Amino acid sequence: MAKMEVKTSLLDNMIGVGDMVLLEPLNEETFINNLKKRFDHNEIYTYIGSVVVSVNPYRSLPIYSPEKVEDYRNRNFYELSPHIFALSDEAYRSLRDQDKDQCILITGESGAGKTEASKLVMSYVAAVCGKGAEVNQVKEQLLQSNPVLEAFGNAKTVRNDNSSRFGKYMDIEFDFKGDPLGGVISNYLLEKSRVVKQPRGERNFHVFYQLLSGASEELLNKLKLERDFSRYNYLSLDSAKVNGVDDAANFRTVRNAMQIVGFMDHEAESVLEVVAAVLKLGNIEFKPESRVNGLDESKIKDKNELKEICELTGIDQSVLERAFSFRTVEAKQEKVSTTLNVAQAYYARDALAKNLYSRLFSWLVNRINESIKAQTKVRKKVMGVLDIYGFEIFEDNSFEQFIINYCNEKLQQIFIELTLKEEQEEYIREDIEWTHIDYFNNAIICDLIENNTNGILAMLDEECLRPGTVTDETFLEKLNQVCATHQHFESRMSKCSRFLNDTSLPHSCFRIQHYAGKVLYQVEGFVDKNNDLLYRDLSQAMWKAGHTLIKSLFPEGNPAKINLKRPPTAGSQFKASVATLMKNLQTKNPNYIRCIKPNDKKAAHIFNEALVCHQIRYLGLLENVRVRRAGYAFRQAYEPCLERYKMLCKQTWPHWKGPARAGVEVLFNELEIPVEEYSFGRSKIFIRNPRTLFKLEDLRKQRLEDLATLIQKIYRGWKCRTHFLLMRKSQIVIAAWYRRYAQQKRYQQIKSSALVIQSYIRGWKARKILRELKHQKRCEEAATTIAAYWHGTQARRELKRLKEEARRKHAVAVIWAYWLGLKVRREYRKFFRANAGKKIYEFTIQRIVQKYFLEMKNKMPSLSPIDKNWPSRPYLFLDSTHKELKRIFHLWRCKKYRDQFTDQKKLIYEEKLEASELFKDKKALYPSSVGQPFQGAYLEINKNPKYKKLKDAIEEKIIIAEVVNKINRANGKSTSRIFLLTNNNLLLADQKSGQIKSEVPLVDVTKVSMSSQNDGFFAIHLKEGSEAASKGDFLFSSEHLIEMATKLYRTTLSQTKQKLNIEISDEFLVQFRQDKVCVKFIQGNQKNGSVPTCKRKNNRLLEVAVP
Ligand SMILES: Nc1ncnc2c1ncn2[C@@H]1O[C@H](COP(=O)(O)OP(=O)(O)OP(=O)(O)O)[C@@H](O)[C@H]1O
Ligand SMILES: [Mg+2]
């Protein structure tokens, strides 16, 4: 979403007043109260016109975030609440867009926040200016120069833990687009005395502590240092540690920054070596040694430290040692060498240390400049940032304070000049009449200090150069003479007797009434410090060093370039650099940041009014406000003015069509603002008194409230109306919908009722029609039925009539027949009696026989010969015929049955028939044999290899081959024998071996005996006297007795043509050898199962028990 531009103003939500110009009434008290009020509300910035007054909050405030940067970016100065970013933005934009070089002058006393402010300005500019890899590198280098310079140039003091001990002016250079190209840094007067001595509660420069805390062991060894601070005389011990400061971490930051800025590794190392050398110099101590000429000569106590320094710096030890003991003065080609006493030796040592360090610092600045200088030769736009030490008023003020205050005096002058100039220029630009402004011009003080003929600095230089004994006292005397009449110079001993009795003014001091207050300077040390003397022997010794950096720091030590002219004094050097700076600043558009320190405790939330009052005074801030509002307190371009106040007048509200200026004129006329209160410039309205502005603001506020009420009213009205309209619309819609719904419902009801009625009517109608139709149909049916009945009746009547007629005809015929019969019978009665009876009888018999045969034909039994069925006989007289018929039919069907037989089957049946003839009803065993087919060869001799011999022995056809039990003649026990019947013989063989036991020719068999019972015993009787009969008759038992006997009978018959005698009796005689034995069949018990048992009872009896 695009950010909506809201036109705001500094005047919105002001705490106190954001611009002191608007302060009413204006006096010190209201000024301080306003600052305090704002400070208490975290508003640390307040404007005086375009000057930013900044009160150090001593705590981090959330007002420097990237969002804040965005807020202030491209906004007008007075649009938002006062901020350092607003000033930075204004400066950057007029540099970029209007091609005006800028300078930002940051002043204030130590700890007031100058350095922080300068960093904020730089970071803001870095954030808003162009981007890109190259540009970013330049920005980064510019920003990273700060940590390096702070490490070497800042120290903890009682006023500030990170006090800048040098003045710094940095030119940031931009191209036409506003992208940074590079920068140039100038440094002013490093407080080098700090290197050798620090006041109580203060520290040496940060870098010493950072090096000892942060360097690795390896680096420390290399630099021949020890981590212990107490080892070094130049380091104050009581405040070696600063709360909230991590020296070790800072050391890493510094090394990193050096790398970013572009220091080569060996350069960084050289720098640290010089730092180490300075630190170690402080440890060189001297002792007096008497010489022959009675003078004391200093000697180095412990040469170890010196040796290490020389190793570190590559200086010949003897050269350095000598430089600490002798001093060579050259005058007019004459070299005079004098020995140094202990005090002089210490002085020389300290002077060397201070020079070494301060020259190193200057070298660092130059080295940084080399890195950050713009690489192009195109025209550059410049923004200078000056962070210089503020006005200093201590108890003991010395040469340094004098110099510093001189610088501030110059800055004040330029401030006044430029402010007035700017103010005047604006008046001219805006075509407003310039009114003279009374203000204190400090040019006179500057003149007292810097005047080339009788200025204090000139006096000092003169004194320093003067031959003869020169002391601080002689210098003071000179001042007393020359400056006695100057109204800002005060001294007890001056010719002017004004201060003779001023006890606050010691004899060895002089006092200057600076613009910011009176400062008492101790004259002691002025000459020395101004001389800034370093014995030539020392600088020459340094020049001889193998260490390139150190050598380059002391070019005057080069004997080839011996310059007998004294080097410029510190005072004149400073004066010259201040003059250059002033010249530089005058060409630029100044922007001021006035830093104020709220308390001495470095604490947040404490606002020490006395302290602030003092600062306000010496910064001349009230003066500043007065100058600013001498003519017109407030000015504003027409457009924003009209925009802000247009609601106060009907003509201009809500839109003014014409030019803004005309609008403002109309507006002011309408508001009846007295004409003397304002003036119309070319582009701005100038308002004389803040009162007028506040009146406008009050009116605006009131009007805004009214407008808000109006807007509210209209809005509420609109809202209510809209709501009402919406309700009405909704109501109409609802009503319409409801009506529609109700009508629809009603319609539906009517429709459904109509449908019901309709359906009823239709139903009724239909039923009526149906009824009618049914009625009609019934009528038709009734007619049909009636007709049918009628026709039926008719038909029946006709039928009856016809039947009657037919019956009558039949009756007539019968009667006629009867009558005819009667007539015939009467006529033929005489014949009928003799023949008719017989004929009728024959006819009847014939009919009956005919009927019998026809029925018989239908009732014929099946063709099976064993079927016993035969229809019954109808009449008795047919009995014989009936039987005969039965017999004939049976014979016929038997024949038919027989005709189907094959020869083989015929043979079987013949045998069966034979058996039947022989045994039927004679032997109880017979019926069981009827169903058994006669197989004859039960024992298959051919197939069994066991009987091969037996088979071979028999040539004839075997009729019976069966195993039988041969009853032992002696005991009645049985043995298995193969019974073979051939055509001519009967053979018995051993069952196991197949060996023939007996062979009986059939002709020798006379009889076969058997019982009538259900047993298989039989006896074969042999012809007496035959060969076979030697052992006697055979007694066997066999399951196939019937078959065997039958076959034996048939074979004997066919072979011998004699019928074999078969005796069936339960008692018969057999011939066993000589004995005739009776075989008796008795009814045996069931104990032995169903098998008959045989027992020889005695010689004469053999009993067979048949179950
Ligand atoms: N805007 C600020 N926000 C928060 N703290 C600040 C701000 N300005 C200054 N300070 C605090 O005050 C301390 C002193 O500020 P700074 O070093 O800028 O003072 P100075 O004016 O440069 O002093 P000197 O003249 O001794 O160098 C800072 O270290 C910081 O703690
Ligand atoms: Mg500072």
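It should be emphasised that the depicted structure is a prediction, and the values quoted were computed from it without experimental measurement. The residue numbers shown here count from 1 along each chain, following its written sequence. Each chain gets a letter, beginning with A, and each ligand a number, beginning with 1, in the order they are written. Reporting of local features is limited, given that this is a predicted model, to residues whose pLDDT is at least 70; pairs of side-chain atoms are given and counted only at 80 or more, and all residues count toward the totals for whole chains, interfaces and linings. Heavy atoms throughout the structure, all of them, feed into the side-chain values; hydrogens and water do not.

Draft legend 1. Geometry of the overall build of the chain. In terms of helices and strands, the chain carries 31 helices and 31 strands. Radius of gyration means the value over C-alpha atoms here, while the globule rule gives 2.2 Å times the residue count to the 0.38 power. The C-alpha atoms of the chain give 83 Å as radius of gyration, which overshoots the globular expectation for 1107 residues (32 Å, by more than 25%). Taken over the C-alpha atoms alone, the chain extends approximately 225 × 115 × 55 Å along its principal axes. A total of 1107 residues make up the chain; the buried ones form 47% of that total. Partitioning the contacts of the chain with sequence separation of at least 6, the portion at a separation of at least 24 is 63%. Computed over 176 positive and 136 negative side-chain charges, the inter-centroid distance for the chain is 22 Å. Under the DSSP-based scheme used, a helix requires at least four consecutive residues in state H or I and a strand at least two consecutive residues in state E, with every element numbered from the N terminus. Under the scheme applied here, a residue whose accessible area is under 20% of the maximum for its type counts as buried, over 50% as exposed, and between as partly exposed, the area being computed with a 1.4 Å probe on protein chains only. By definition in these notes, contact holds between two residues if any of their heavy atoms fall within 4.5 Å. His is not counted, nor are the chain ends, whereas Lys and Arg count as positive and Asp and Glu as negative. A charged residue contributes its charge at one atom only: NZ of Lys, CZ of Arg, CG of Asp or CD of Glu.

Draft legend 2. Looking closely at the site of ligand 1. For this description, a residue counts as near a given molecule or strand if any of its non-hydrogen atoms is within 4 Å of it. As a structural note, the neighbourhood of ligand 1 is formed by 17 residues, with S110, K114, T115, S163 and S164 the closest of them. Pairs of N or O atoms are called polar contacts if they sit within 3.5 Å, as long as, within protein, a hydrogen donor faces a hydrogen acceptor (for residues adjacent in sequence, only side-chain-to-side-chain pairs). Residue N162 places a main-chain N or O atom 3.4 Å away from an oxygen atom belonging to ligand 1. The Shrake-Rupley method, run with a 1.4 Å probe, gives the accessible areas here. Residue values count only the displayed protein chains as cover. Contact with the protein chains covers 86% of the free accessible surface of ligand 1, which is 620 Å². Those elements giving two or more residues to the shell around ligand 1 turn out to be α4 (114-128) and β5 (163-164). Per-element tally for the shell around ligand 1: the top contributor is α4, with three residues. Class assignment for the residues of the shell around ligand 1 results in four nonpolar, nine polar and four charged. Under the scheme applied here, ten amino acids are nonpolar (Ala, Val, Leu, Ile, Met, Phe, Trp, Tyr, Cys and Pro), four are charged (Asp, Glu, Lys and Arg), and all others, including Gly, are polar.

Draft legend 3. View of helix α11 (residues 303-313). Along α11, the positions that sit buried rather than exposed are E305, L306, I309, C310, L312 and T313. Buried residues of α11, seen end-on, are gathered within an arc of 160° and therefore sit on one face of the element. Contacts from the buried residues of α11 go to α8 (217-222), α10 (265-281), β9 (296-300), α12 (317-323) and α20 (548-553). Its side-chain oxygen at 3.0 Å from the backbone nitrogen of N304, D302 defines the N-terminal cap of α11. The positive-phi residue at the C-terminal boundary of α11 is G314, with phi of around 70°. Here the arc refers to the set of directions running from the helix axis out to each C-beta atom.

Draft legend 4. Quick peek at the pairing of strand β21 (residues 974-982). Think of it this way: DSSP has to see at least two bridges between two strands before they count as a pair. Across nine bridges, the pairing between strand β20 (residues 958-967) and β21 is antiparallel. Within the sheet, the bridge partner assigned to K966 lies in β21 and is T975. Two successive antiparallel strands, β20 and β21, enclose a turn made up of six residues, where G972 displays a positive phi of approximately 85°.

Draft legend 5. Structural context of the packing of α10 against α11. Geometry is summarised by axes, namely lines fitted to C-alpha atoms with helices restricted to the contacting stretch, and by angles between N-to-C directions that run from 0 to 180 degrees. Interaxial distance between α10 and α11 falls to 10 Å at its minimum, and their mutual angle equals 165°. With respect to each other, α10 and α11 are oriented roughly antiparallel. Considering the relative orientation of α10 and α11, their crossing is left-handed. Only E305, E308, I309, L312 and T313 of α11 make contact with α10, whose side of the interface consists of E273, A276, A277, K280 and L281. Roughly parallel refers to an angle under 35 degrees, roughly antiparallel to one over 145, roughly perpendicular to one between 65 and 115, and oblique to any angle outside these ranges. Should the near helix be turned counterclockwise from the far one by less than a right angle, the crossing is left-handed, whereas a clockwise turn marks it as right-handed.

Draft legend 6. Local environment of the layout of surface pockets. Whether a set of points on the 1 Å grid over the protein atoms alone is a cavity depends on a 1.4 Å probe fitting there but being unable to get out, while an open set qualifies as a pocket with protein on both sides within 12 Å along at least five of seven lines; lining residues are those with an atom within 4 Å of a point. Grid points are joined across faces, edges and corners, and a volume is the space filled by probe spheres set on the points. In this structure, the second largest pocket occupies an estimated 1600 Å³ of space. N76, F77, Y78, E90 and K684 are, among the 50 residues lining the second largest pocket, the residues nearest its centre. At the level of elements, α3 (84-98), α14 (399-429), β16 (589-596), α23 (621-628), β17 (634-637), α24 (638-645) and α26 (690-859) are the ones that each hand at least two residues to the lining of the second largest pocket. Here the lining of the second largest pocket gets eight residues from one element, more than from any other, and that element is α14. A class-by-class count of the residues in the lining of the second largest pocket yields 16 nonpolar, 14 polar and 20 charged.

Draft legend 7. The arrangement of the coordination of the magnesium ion (ligand 2) in detail. Around the magnesium ion (ligand 2), the protein contributes the donor atoms T115 (OG1) and S164 (OG), which lie 1.9 to 2.1 Å from the metal centre. Here T115, found in helix α4, pairs with S164, found in strand β5; they are 49 residues apart in sequence, far enough to count as distant. Accessibility assignment for this pair places T115 and S164 in one class, buried. Counted as coordinating are nitrogen, oxygen and sulfur atoms within 2.8 Å of the metal, or 3.2 Å for Na, K and Ca, while water is not included, which may make sites look incomplete.

Draft legend 8. Summary view of unusual backbone geometry. That bond from E24 to P25 is cis: its omega, -5°, falls within 30 degrees of zero. Of note, P25 is situated in the segment before α1 (28-40). For the bond running from W653 to P654, omega is 0°, close enough to zero to count as cis. With respect to the helices and strands, P654 occurs in the loop between α24 and α25 (660-670). Non-glycine residue D99 carries a positive phi angle of around 60°. Counting through the fold element by element, D99 comes out in the loop between α3 and β3 (102-107). Taking relative accessible area as the criterion, D99 reaches 41% and is therefore assigned partly exposed.

Draft legend 9. Spotlight on the sheet that holds β21. The mixed open sheet is built from eight strands, whose spatial order is β23-β22-β21-β20-β26-β25-β24-β27. Both edges of this open sheet fall to β23 (996-1001) and β27 (1061-1064), since each of them pairs with a single strand only. Neighbouring strand axes in the sheet, compared pairwise and without regard to direction, differ in orientation by 30° on average.

Draft legend 10. Seen up close, the pattern of salt bridges. The term salt bridge refers to a side-chain nitrogen of Lys or Arg lying within 4 Å of a carboxyl oxygen of Asp or Glu. If you walk through the whole model with that rule in mind, you get 68 salt bridges. Between E116 and K119 there is a salt bridge, with the nearest N and O atoms lying 3.7 Å from each other. Of this pair, E116 and K119 are both found in helix α4, three residues apart, which corresponds to roughly one turn of the helix. By relative accessible area, K119 is classed as partly exposed at 25%.

Draft legend 11. Seen up close, the packing of α10 against helix α13 (residues 342-372). At their nearest, the axes of α10 and α13 sit 9 Å apart, and the two run at 160° to each other. Overall, the two elements α10 and α13 adopt an arrangement that is roughly antiparallel. Crossing of α10 over α13 shows left-handed handedness. Across from E267, V271, V274, V275, V278 and L281 in α10, the residues of α13 making contact are R349, L352, A353, L356, Y357, L360, W363, L364 and R367. For the contact of α10 with α13, the residue count by class is 12 nonpolar, no polar and three charged.

Draft legend 12. Representation of the side chain of R644 within the structure. Tracing the backbone shows R644 in helix α24. Those residues in contact with R644 that sit more than four places away from it in its chain are S9, L11, D12, E697 and R700.

Draft legend 13. Representation of the nonpolar core in the model. In this text, buried Ala, Val, Leu, Ile, Met, Phe, Trp, Tyr and Cys residues form a nonpolar core when linked through side-chain atoms within 4.5 Å. Judged by nonpolar contacts, the single largest core of 210 residues is most densely connected at F31, F152, F208, L320 and F510. By residue number, the principal contributor to this core is α13, which donates 15 residues. Excluding residues within four positions of it along the chain, L320 makes contact with L306, I309, C310, I315, L352, L538, A541 and M542.

Draft legend 14. Quick look at the packing of aromatic side chains. When two rings of Phe, Tyr or Trp (its six-membered ring) have centres within 6.5 Å they constitute a pair, described as stacked for plane angles under 30 degrees, edge-to-face for angles over 60, and tilted for the intermediate range. Taken as a whole, this structure holds 41 aromatic pairs when the rule is applied. Seen in terms of ring centroids, Y852 and F853 are 5.4 Å apart; in terms of plane orientation they differ by 50°. Their pairing is tilted. When its relative accessible area of 42% is taken as the criterion, F853 is described as partly exposed. Three or more aromatic residues joined by ring pairs form one cluster here, namely F399, F402, F475, F489, F510, Y521 and F526. Any Lys NZ or Arg CZ that is within 6 Å of a ring centre and within 35 degrees of that ring's normal is treated as a charge sitting over the ring. Here the basic side chain of K551 rests over the ring of W543, its NZ or CZ set 3.9 Å away from the ring centre.

Draft legend 15. Structural view of the sheet that holds strand β1 (residues 45-48). If you trace the seven strands from one edge of the open sheet to the other, you get β1-β2-β16-β3-β12-β6-β7, paired in mixed fashion. Looking along the sheet, the strands with just one partner apiece sit at the ends: β1 and β7 (180-188). Sheet twist, expressed as the mean angle between neighbouring strand axes with direction ignored, is 20°. When β3 meets β16, the two strands line up parallel, connected through six bridges. The residue bridging I106 from the neighbouring strand is I593, located in β16. Contacts between α1 and the sheet are confined to β1, β2 (51-55) and β16, with β1 contributing the most and set at about 145° to the helix.

Draft legend 16. Structural context of a positive patch on the surface. Candidate patch residues must exceed 30% relative accessible area and have no salt bridge, after which like charges are joined if within 9 Å and Val, Leu, Ile, Met, Phe, Trp or Tyr side chains if within 5 Å. On the surface, R762, K765, R767, K768 and R771 cluster together into a patch of positive charge. Within the secondary structure, R767 is located in helix α26.

Draft legend 17. Representation of the confidence of the model for the chain within the structure. Per residue, pLDDT measures the predictor's confidence, with a range of 0 to 100. Here the chain averages 87 in pLDDT, while 97% of its residues score no lower than 70. Contacts for the low-pLDDT stretch residues 1-5, under 50 throughout, to residues beyond four places or in other chains number two contacts.

Draft legend 18. Layout of the side chain of E911. With respect to the secondary-structure elements, E911 resides in helix α28 (residues 903-919). What makes E911 buried here is its relative accessible area of 10%. If sequence neighbours within four positions are ignored, E911 has contacts with F934, T1046, K1047 and R1050.

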